[in-house]
Amino acid sequence: MEEQSVHSSTSDINSEEAAKTEPLIIPRKKRICLVGSTGEDPALGAAAQQFSVPVLKSETGTEYLEDTTYCTYFILMKFEGPEYDALHKSAHRILGPTALLQLAEKKDSLPSINRPMYTQAMLGSVVVFTGFRKKEELTKLINMIHSMGGSIRKEMGVKVTHLIANCCGGDKYRYAVTFRVPIMSMDWVTALWDARDDLTSFGSNDKLIAAHKLKPFFGAKVCFFGFPDEEKKHMCEVLQQQGGEPAEIDDPNCTHVVVDESNVNSLPDLASVRAHIVKAEWFWTSVQNEGAADEKEYLFEDYLESVVSPLATARRDSQAATPTTASTRRKRKRLAETLSSLVQNGADSPAVHKRRSSISDAGHLSVSGSFLDCTSSPDKQLDAIPEVEAASTETTRKNLSPRHQVFLELVTTESNYVGILSTIMTLFKSPLEDLIETSGELLNSTEAKIIFGNFPPIYEVHKRMLEELRYNAGHWVEDVSIGNIFLKYAPDLVKAYPPYVNFFENTKEMLEECDQNKPRFHAFLKICQTKPECGRQSLKELLIKPVQRLPSISLLLNDILKHTNKNNPDHSALELSISSIKEVMTYINEDKRKTEGQLVMFDIFNEIDNCPPHLVSSHRSFIGKCEVMELGEGLSGRGDHLVLFLFTDTLEICKKRSKAFNSLKSPKEANGLHPTKLSQGKPYKHIRMLSLNTIKRVVDIKETDECHKVFALMVRSNQELKEKLFSFTITDEEVNKTNYLRILCRQMANSVCKADADTFLISLDSHQLEIDTSDVALGTLSKAFKSLFHNFYLEYMDPYVFLLNSMCETTLHVPLPFASRTRMKVGRAFSFNKTPSKLKRAMSTMMSPFGSTNSLTPASQQLAQMRLASCNNINELGNGGSGSPTRDDVLVAPMSVQPTRKAKCSSLSMASLRRNCSEEVVQEKKTEL
């Protein structure tokens, strides 16, 4: 009925067109006439002049109808009304203003076609109609298409570019789905006509085609039967997105019933006698092909017949020959009950049992608890060995040795594993790659390579390994060497598995992204999941099998080793093979960790403003991150929040920017004058990049109630004459200070090729810092802390003695920049900062607090005997002689070495240092360290 109505309409119109398009006598001269308001448009006037023909203006244009010496092109704004009808019946041409402008823009000549053309939006489009029953509606659409330069055909053919359908069925529709001809709705034509004045609107626009394609379930009411609630909800959402409408099983207007064949074993009772009962594969195939699939190829009834028995073979023939009646419906119900009983009691029927085995239990996969139990093995693809099949029977297995039984289990699991790999290759990878760069493309080449690129080598090595295992199973002797097989393929496993395991997360992320954003690819995965060889498992679940296989092989080999006599030649080979498998897994894990660290490095580089390019290096990987606050001023400033990125050979120090910086707006934007937002800033700013071999010591300040998570780094590069001290307090609550410092020291030891990492770590009790804080502000506390460390320990570079008799009465991790500023009472003892530069070089090498001057040169000995302004020998402080300064005395430098600029700090009392810096205490501390 639908096809006949379309044929009659199109044939009538095509006959009228044929009469109009008969050969006419074309005048020798051409001219353009701007009719009505088109004559007032200067753009149209300028475009008309480009054709180098006479240009006329007229209110109606009828005065030029009788003049046959010219072929007049009338430019009209309206393609309707008495004026249009009069001009249309003449031998002249009619163009719209859009067509004239398009011709002028492309510098084409005036067309010779007699059909009126308002725009060239559908020029080159050849369309066919199907499913339209109203002649008036069809005639209107045809006139629109002709006015836009398109043409119409009656039947589908190779020249047809689009099918305009009003239903999802019929021969024309099936042809379009098969040959992937775009199936459009009538809205496509009306949308183009509504935009007829737009010079850039064309029917070939991809976005416009995608927006007005006929949905595959247009006009369908679909009921989903037997699915879990979550899956049913998801399918209903997809149905509505694809133009369909959900329905219930008792809805008389229901057109399709989609059945979950894994949970339903009988035909459901329907209220609608015309509803198609189909499998879930029909639904997902329609989504993938963007067109409704033929229901005859996915009937649930046929599926039941193939699973159960051929008892109902004649049912379709009787239905095709006889109309559906009440008697037929009763027979159908009785037949359904019979089929249901046969399925439920299938074990009692030899015929049913035999039929089930031939299809790998496709209808009863849900009863299997193991994937390997229900996955079709590649035994049918590879040559099966009769001895293996005979040995696999339960009767024969009882007579086999334990070693032989475990080996057969290994062969079985390996066979099933290769079957899984083969399924991924043949069911997923190959079809997807075959569709690349075609009109039916589901994934592009990059996406397919990320998902499947590292997979084939694993399949190839296991396929070869399985062949040898099967050969040994078919030629079994107790001393057959199983271990040598795995030793032989261990190098191949090392090459095949690391790339796959390392980038498995990327594979999984790409798979999930494509699954969510590409409906056709999602439908393809659903179709494959319904296949028996997938065992109803998704591609994501199948792709994780290689990650789990090597541990399984290791366990089975250990089990074989337990049942192998030590006198068996295979015993030592099994031990070596187990070790090789473990080495492969260890290598995979280490390589994966290294790869992940290198991938993170790129993310870190992109988040740091002004980051050094050489941070990204192939020999470097990321270790950990720690958020700290600086206590000194050597890097960014007291109280600044920093982030330490630890790598295998370097420490990247960055300043953490506030959220206010990242959301910064210009003043114009804040006042509403400028709508454009500034680009988001990077969250970190580069401060310094420290090579780990420049960090000489890590100082751990032991935990107290007042000193919490405080540590310091002693740094000195080859270009610097003295060390620098950088002190921090950890602000990240999730970071354990002890573990972090040990990891840091381990990386430091690795960078300088030292085995003992503990030599880089020094622990210090907080009560060893004795500072008179009665008159010291919080802002100067960290400076005093730094001064004592820097001038006493670091300046003299004695790595074995670390003695500071002092006491910390104030916390070190307070917000230092906001503390009140008071005059510092703490002096600068043991400091070279104010010493002239010409003396620094000499004193930095010869003035050690506990060193000897015997090995110095004569000139250096002379300098060593001098009493500098900022240095005293500690041995002299412990003598207690009359020359020792009192508690309140101050060491004054000679005038010859007095600094010329004003010192920022006053003198430091030496009484506290003198009390415990005797020679005996010094020796005792040296012994302890």
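Described in the following lines is the structure provided in the data block. Along each chain, residue indices are assigned from 1 in the same order as the chain's sequence is written. Local features in this predicted model are restricted to residues whose pLDDT is 70 or higher, and side-chain atom pairs enter the listing and the counts only when it is 80 or higher, whereas totals over whole chains, interfaces and linings include all residues. Only hydrogens and water are set aside; all other atoms, that is, all heavy atoms of the structure, feed into the side-chain values.

Here a Phe, Tyr or Trp ring, Trp counted by its six-membered ring, pairs with any other such ring whose centre lies within 6.5 Å, and the pair is stacked when the planes are under 30 degrees apart, edge-to-face when over 60, and tilted otherwise. Tallied over the full model, the rule gives 20 aromatic pairs. The interplanar angle of 85 degrees and the centroid separation of 6.2 Å between the aromatic rings of Phe428 and Phe524 together place this pair among those described as edge-to-face. Residue Phe428 is found in helix H18 (residues 402-434), and its partner Phe524 is found in helix H23 (residues 519-529); the two are separated by 96 residues along the sequence. Considered together, Phe428 and Phe524 belong to a single accessibility category, that of buried residues. When the centroid spacing of 6.5 Å and the interplanar angle of 20 degrees are considered together, the rings of Phe521 and Phe524 count as stacked. Separated by 3 residues within a single helix, Phe521 and Phe524 lie in helix H23, roughly one turn from each other. In terms of burial, Phe521 and Phe524 fall into one category: buried. Here a strand is any run of E in DSSP of at least two residues, a helix any run of H or I of at least four, and the numbering for each starts at the N terminus. Between buried and exposed lies partly exposed: a residue is buried under 20% and exposed over 50% of the maximum accessible area for its type, with that area taken using a 1.4 Å probe on protein chains only.

The subject of this paragraph is the environment of Cys707. Considering the arrangement of structural elements, one finds Cys707 in the loop between strand S18 (695-701) and strand S19 (710-715). We classify Cys707 as buried; its relative accessible area is 1%. Sequence separation of Cys707 and Thr729 is 22 residues, and the distance between their C-alpha atoms is 8.9 Å.

This part covers unusual backbone geometry. Within the chain, Glu437 stands out as a residue other than glycine whose phi angle is a positive 65 degrees. Mapped onto the fold, Glu437 is located in the loop between H18 and helix H19 (445-452). Phi is positive for Cys753, close to 60 degrees, though the residue is something other than glycine. With respect to the element layout, Cys753 can be found in the loop between helix H29 (737-751) and strand S21 (761-764). Given the relative accessible area of 71%, Cys753 is considered exposed.

Time to look at the side chain of His404. Summarising the element assignment, His404 is placed in helix H18. A residue is classified by how much of its surface remains accessible, and His404, at 7% relative accessible area, is buried. When checking whether two residues touch, look at their non-hydrogen atoms; a contact exists if any pair is within 4.5 Å. Setting aside chain neighbours within four positions, we find His404 in contact with Trp476 and Glu478.

A few words on the sheet that holds strand S7 (residues 162-165). Should DSSP find at least two bridges between two strands, the strands are regarded as paired. The strand order S6-S5-S7-S8 describes an open sheet built from 4 strands, whose pairing is parallel. The outermost strands of the open sheet, each flanked by one partner alone, are strand S6 (151-152) and strand S8 (183-184). A fitted line through C-alpha atoms represents every axis, and for helices the fit uses only the stretch in contact; the resulting angles, taken between N-to-C directions, go from 0 to 180 degrees. Where helix H5 (residues 135-147) meets the sheet, it contacts strand S5 (126-130), S6 and S7, and its direction lies at approximately 175 degrees from that of S5.

A word on the sheet that holds S18. Across the sheet, 9 strands lie side by side as S13-S17-S16-S15-S14-S20-S19-S18-S21; this open sheet has mixed pairing. Each edge of the sheet is formed by a strand with only one pairing partner; in this case those strands are strand S13 (608-609) and S21. Note: strand S15 (residues 641-647) against strand S16 (residues 650-656), 5 bridges, orientation antiparallel. Counted as the bridge partner of Leu642 is Lys655 from S16. Relative to S18, H29 is tilted by about 165 degrees, and along the sheet it contacts strand S14 (622-630), S15, S16, S18, S19, strand S20 (724-730) and S21.

Okay, the packing of H5 against helix H7 (residues 186-194) next. Where H5 contacts H7, the axes come no closer than 10 Å and their chain directions differ by 50 degrees. By the angle between their directions, the pair H5 and H7 is classed as oblique. For H5 against H7, the interelement crossing comes out left-handed. Here Glu137, Leu141, Met144, Ile145 and Ser147 of H5 lie close against H7, whose contacting residues are Met186, Val189, Thr190 and Trp193. Its residues assigned to classes, the contact of H5 with H7 shows 6 nonpolar, 2 polar and 1 charged. We call two directions roughly parallel when the angle between them is under 35 degrees, roughly antiparallel when it is over 145, roughly perpendicular when it lies between 65 and 115, and oblique otherwise. Crossings are sorted by hand: turned counterclockwise from the far helix by less than a right angle, the near helix makes the crossing left-handed, and turned clockwise it makes it right-handed. Only Asp, Glu, Lys and Arg are considered charged in this grouping, and only Ala, Val, Leu, Ile, Met, Phe, Trp, Tyr, Cys and Pro are considered nonpolar; every other residue, Gly among them, is considered polar.

This paragraph deals with the environment of Phe622. Inspection of the secondary structure assignment puts Phe622 in strand S14. Here the alpha-carbon distance between Phe622 and Gly597, two residues 25 residues apart in the chain, equals 4.4 Å. Non-local contacts of Phe622, meaning those with residues more than four positions away in its chain, are made with Gly597, Val600, Ile604, Phe645, Leu646 and Phe647.

Taken across its 7 residues, S16 has 5 buried, putting it largely inside the fold. If you look at the hairpin formed by S15 and S16, you'll find 2 residues sitting between the two strands. Two strands pair when backbone bridges link them, and S16 and strand S17 (residues 684-691) are joined in this way by 7 bridges, in the antiparallel orientation. Note on S17: the bridge partner recorded for Lys656 is Tyr684.

With that out of the way, let us pick up the environment of Ala195. Mapped onto the fold, Ala195 is located in the loop between H7 and helix H8 (206-211). A residue is classified by how much of its surface remains accessible, and Ala195, at 25% relative accessible area, is partly exposed. With 76 residues separating them along the chain, Ala195 and Thr119 place their C-alpha atoms 9.6 Å apart.

This brings us to the packing of helix H20 (residues 456-474) against helix H21 (residues 483-502). Direction vectors running N to C along H20 and H21 enclose 160 degrees, while the axes themselves pass 9 Å from each other. Comparing the axis directions of H20 and H21 gives the class roughly antiparallel. Viewed along their axes, H20 and H21 form a crossing whose handedness is left-handed. Taking contact as the criterion, the partners of Pro457, Ile458, Val461, His462, Arg464, Met465, Glu468, Leu469 and Asn472 in H20 are, on H21, Ile485, Phe486, Lys488, Tyr489, Asp492, Leu493, Ala496, Tyr497 and Tyr500. For the contact of H20 with H21, the per-class residue count stands at 12 nonpolar, 2 polar and 4 charged.

Note on terminology: a nonpolar core comprises buried Ala, Val, Leu, Ile, Met, Phe, Trp, Tyr and Cys residues joined through side-chain atoms within 4.5 Å. If you look at the biggest cluster of nonpolar residues, it comprises 61 residues, and the most contacted ones within it are Phe407, Phe428, Ile482, Phe486, Phe521 and Leu557. No other element matches the 14 residues that H18 contributes to this core. Setting aside its immediate chain neighbours within four residues, Phe521 contacts Leu432, Leu442, Leu443, Leu511, Cys514 and Asp515.

In this section: the pairing of strand S1 (residues 29-35). The element S1 is extensively covered by neighbouring structure, given that 5 of its 7 residues are classed as buried. One ladder, built from 6 bridges, connects S1 with strand S3 (residues 70-75); its direction is parallel. Looking at the pairing, Leu34 lines up with Ile75 of S3. As defined by bridge partners, S1 adjoins strand S2 (residues 55-58) across 4 bridges and the pair is classed as parallel.

A few words on the pattern of salt bridges. Once their charged atoms are close, side chains differing in charge can pair, the charge on each being opposite to the other. For this document, the term salt bridge refers to a Lys or Arg side-chain nitrogen within 4 Å of an Asp or Glu carboxyl oxygen. All chains considered together, the criterion is met by 21 salt bridges. Measuring nitrogen to oxygen at the nearest pair gives 3.6 Å for the salt bridge that ties Arg536 to Asp260. Of the two residues, Arg536 is situated in the loop between H23 and helix H24 (539-543) and Asp260 in the loop between strand S11 (256-259) and strand S12 (276-279); the sequence distance between them amounts to 276 residues. Taking relative accessible area as the criterion, Arg536 reaches 31% and is therefore assigned partly exposed. Between Asp649 and Arg620 there is a salt bridge, and its shortest N-O distance comes to 2.6 Å. On the criterion of sequence distance, the pair formed by Asp649 in the loop between S15 and S16 and Arg620 in the loop between S13 and S14 is long-range, its members being 29 residues apart. The same class applies to Asp649 as to Arg620, namely buried.

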